[in-house]
Amino acid sequence: MAHQILQGKKGIIFGALDERSIAWKTAIAAVEAGAQIVLTNAPIALRMGKINELSKLCNDAPVIPADATSMEDLEKLFTQSMEALGGKVDFVLHSIGMSPNVRKNIDYTNTNYDNFHKTLDISAMSLHRVLQTAMKLDALNEWASVIALSYIAAQRAFPGYNDMADAKALLESITRSFGYQYGFAKKVRVNTVSQSPTITTAGSGVSGFDSFFHYADKMSPLGNATSEDCASYCISLFSDYTRMVTMQNLFHDGGFSFTGVSHLVIEEINKLAAESANS
Ligand SMILES: NC(=O)c1ccc[n+]([C@@H]2O[C@H](COP(=O)([O-])OP(=O)(O)OC[C@H]3O[C@@H](n4cnc5c(N)ncnc54)[C@H](O)[C@@H]3O)[C@@H](O)[C@H]2O)c1
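Residues numbered from 1 in each chain as written. Predicted model: local features only at pLDDT ≥ 70, side-chain atom pairs only at ≥ 80, totals over all residues.

Per an unreviewed UniProt entry, the protein chain goes by the name Enoyl-[acyl-carrier-protein] reductase [NADH] and belongs to Taibaiella soli. Under the UniProt heading Pathway (unreviewed entry), the note attached to the protein chain is "Lipid metabolism; fatty acid biosynthesis." Its UniProt record, at the heading Sequence similarities (unreviewed entry), says of the protein chain: "Belongs to the short-chain dehydrogenases/reductases (SDR) family. FabI subfamily." (UniProt positions renumbered as here; feature names shortened; annotations may be inferred.)

As structure tokens, then:
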């Protein structure tokens with residue numbers, strides 16, 4: 001049985017599409033840690049996904065639809081969540097990402113700007129919308145913890161990541177800017193977790209995903225962090241053990257972000273060089 005470090009806490013989990021989703025694992029881990037949760041996703045994802053299955057695994061957690069780009073939906077979500085949970089919210093997971101340019105294989109230098117706007121709205125501005133709605137409704141308890149998931153393409157160039165890189169940079173910036181405001185106003189903390197490449201619907205949509213999944217695994221002293229590892233890290237960040245952490249981008253990547261090159265990658269390059277010299 002998991003440590004009950006979220007006993008008595010109430011949370012909202014965005015973005016559980018199927019059992020591979022990071023949000024799916026986090027929802028289960030939160031309930032195992034003693035929390036009471038509400039599950040939410042875009043209406044279309046609720047129709048296509050398996051969220052009712054997840055709800056059953058989470059003590060019949062209520063499922064409330066919300067498109068994270070709609071202020072009306074978000075207002076309903078927070079209002080109904082407080083009713084269902086019987087009080088204000090202690091933690092929120094923003095696990096939302098989508099780029100129409102990535103989906104349609106439109107490369108970065110030929111971007112479609114309507115798509116680009118959608119990428120930024122869904123994957124980054126939605127965090128601002130969530131925080132603004134929560135603040136207006138005074139829906140979060142003091143010391144509540146809000147986490148959004150990010151990727152290292154916010155800091156370094158990963159060509160296949162396309163406009164999602166810009167969205168993640170904006171997401172991390174909103175985390176700092178709103179984290180400052182919400183910290184002073186209500187002691188609410190806001191952080192991003194920058195996760196290793198993970199095999200999920202959103203992850204595998206990125207071009208060349210398999211290659212950079214294996215590259216990251218070989219580069220990271222601890223290997224790639226799995227979605228279960230990510231869920232555990234999020235639970236620690238929702239808990240009171242991390243109550244003074246805010247406005248941070250926290251790398252959860254097995255050491256990838258601070259490794260220049262690994263001996264495993266060098267071995268691969270040497271192998272390729274030897275093969276091409278012999279051919
Ligand atoms: N998979 C990876 O390699 C990886 C690595 C680092 C960070 N992340 C981030 O983790 C988060 C979760 O992604 P995942 O990998 O679990 O994939 P996923 O596809 O399971 O989750 C993405 C979720 O975003 C939701 N979503 C899309 N548009 C929405 C909208 N308008 N309103 C509300 N929800 C919407 C989808 O329905 C889906 O549930 C994303 O922010 C992603 O960028 C993923």
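Brief notes about the overall build of the protein chain
A tally of regular secondary structure across the protein chain gives 11 helices and 6 strands. Taking 279 residues into account, the globule formula puts the C-alpha radius of gyration at 19 Å, and the protein chain, at 19 Å, falls close to it. Referenced to the eigenvectors of the C-alpha coordinate spread, the extents of the protein chain come out at roughly 70 × 45 × 40 Å. For the protein chain, buried positions account for 46% of its 279 residues. (Helix = DSSP H or I, 4+ residues; strand = E, 2+ residues; numbered from the N terminus. Rg over C-alpha atoms; globule rule 2.2 N^0.38 Å. Buried ≥ 20, exposed ≤ 12 C-beta atoms within 10 Å, placed from the backbone.)

Quick look at the sheet that holds strand 6 (residues 249–252)
Spatial ordering of the open sheet is given by 2-1-3-4-5-6, a layout of 6 strands whose pairing is parallel. Strand pairing shows two members of the sheet lacking a second neighbour, strand 2 (36–40) and strand 6, which therefore form its edges. Within the sheet, the average angular offset between the axes of one strand and its neighbour, ignoring direction, is 20°. Bridge analysis of strand 4 (residues 140–150) against strand 5 (residues 189–195) gives 6 bridges, and the strand direction is parallel. From the neighbouring strand, Val-146 faces strand 5, where its bridge partner is Val-190. Where helix 7 (residues 164–186) meets the sheet, it contacts strand 4, strand 5 and strand 6, and its direction lies at approximately 155° from that of strand 5. (Pairing = 2+ DSSP bridges. Axes fitted to C-alpha atoms, helices over the stretch in contact; angles between N-to-C directions. Contact = placed C-beta atoms within 7 Å.)

Overview of the UniProt feature "active site" (unreviewed entry) in the protein chain
Residues given the UniProt feature "active site" (unreviewed entry) here are Tyr-151 and Tyr-161. Positionally, Tyr-151 belongs in the loop between strand 4 and helix 7. Filtering out sequence-adjacent residues up to four positions away, Tyr-151 remains in contact with Tyr-161, Lys-168, Ser-194 and Gln-195. If you trace the backbone, Tyr-161 turns up in the loop between strand 4 and helix 7. Once residues within four sequence positions are removed from consideration, Tyr-161 is found in contact with Tyr-151, Ala-153 and Val-206.

A closer look at helix 1 (residues 22–32)
Here helix 1 lies mainly inside the structure; 10 of its 11 residues are buried. Of all the positions in helix 1, only Ile-22, Ala-23, Trp-24, Lys-25, Thr-26, Ala-27, Ile-28, Ala-29, Ala-30 and Val-31 are classed as buried. Looking at the residues trailing helix 1, positive phi occurs at Gly-34, about 105°.

As for the pairing of strand 5
Most of strand 5 is tucked away: 7 of the 7 residues are buried. Side chains Arg-189, Asn-191, Val-193 and Gln-195 of strand 5 all project onto a buried face; the interleaved residues Val-190, Thr-192 and Ser-194 project onto the opposite face, where all are buried too. Note: strand 5 against strand 6, 4 bridges, orientation parallel. Across the sheet, the residue bridging to Thr-192 is Asn-249, located in strand 6.

Quick notes on the packing of helix 1 against helix 10 (residues 227–238)
Remark: helix 1 packs on helix 10, axes separated minimally by 8 Å, with the N-to-C direction vectors making an angle of 50°. One way to sum up the angle between helix 1 and helix 10 is to call them oblique. For the pair helix 1 and helix 10, the sense of crossing is right-handed. On helix 10, the residues touching Ile-22, Lys-25, Thr-26, Ala-29 and Ala-30 of helix 1 are Ser-227, Glu-228, Cys-230, Ala-231, Ser-232, Cys-234, Ile-235 and Phe-238. (Parallel < 35°, antiparallel > 145°, perpendicular 65-115°, else oblique. Left-handed = near helix turned anticlockwise from the far one by under 90°.)

Let's talk about the UniProt feature "binding site: NAD(+)" (unreviewed entry) in the protein chain
Here, the residues flagged by UniProt with the feature "binding site: NAD(+)" (unreviewed entry) are Gly-15, Ser-21, Ile-22, Ile-96 and Lys-168. As for its placement among the helices and strands, Ile-96 is situated in the loop between strand 3 (89–94) and helix 5 (100–103). In this structure Ile-96 comes out as buried when scored by C-beta crowding, with 24 C-beta atoms within 10 Å. Sequence-distant contacts of Ile-96, that is, excluding residues within four places in its chain, are made with Phe-14, Gly-15, Ala-68, Ile-122, Ser-123 and Ser-126. Here Lys-168 lies in helix 7. Its 26 C-beta neighbours within 10 Å are what place Lys-168 among the buried residues. Dropping the residues within four chain positions of it, Lys-168 is found in contact with Ser-150, Tyr-151, Ala-153 and Ala-154.

Considerations on the environment of Gly-179
For Gly-179, the location among the structural elements is in helix 7. The spacing of Gly-179 and Leu-149 is 30 residues in sequence and 15 Å in space, taken between C-alpha atoms. Ignoring sequence-local partners within four residues, the contact set of Gly-179 consists of Arg-189, Val-190, Thr-246 and Met-247.

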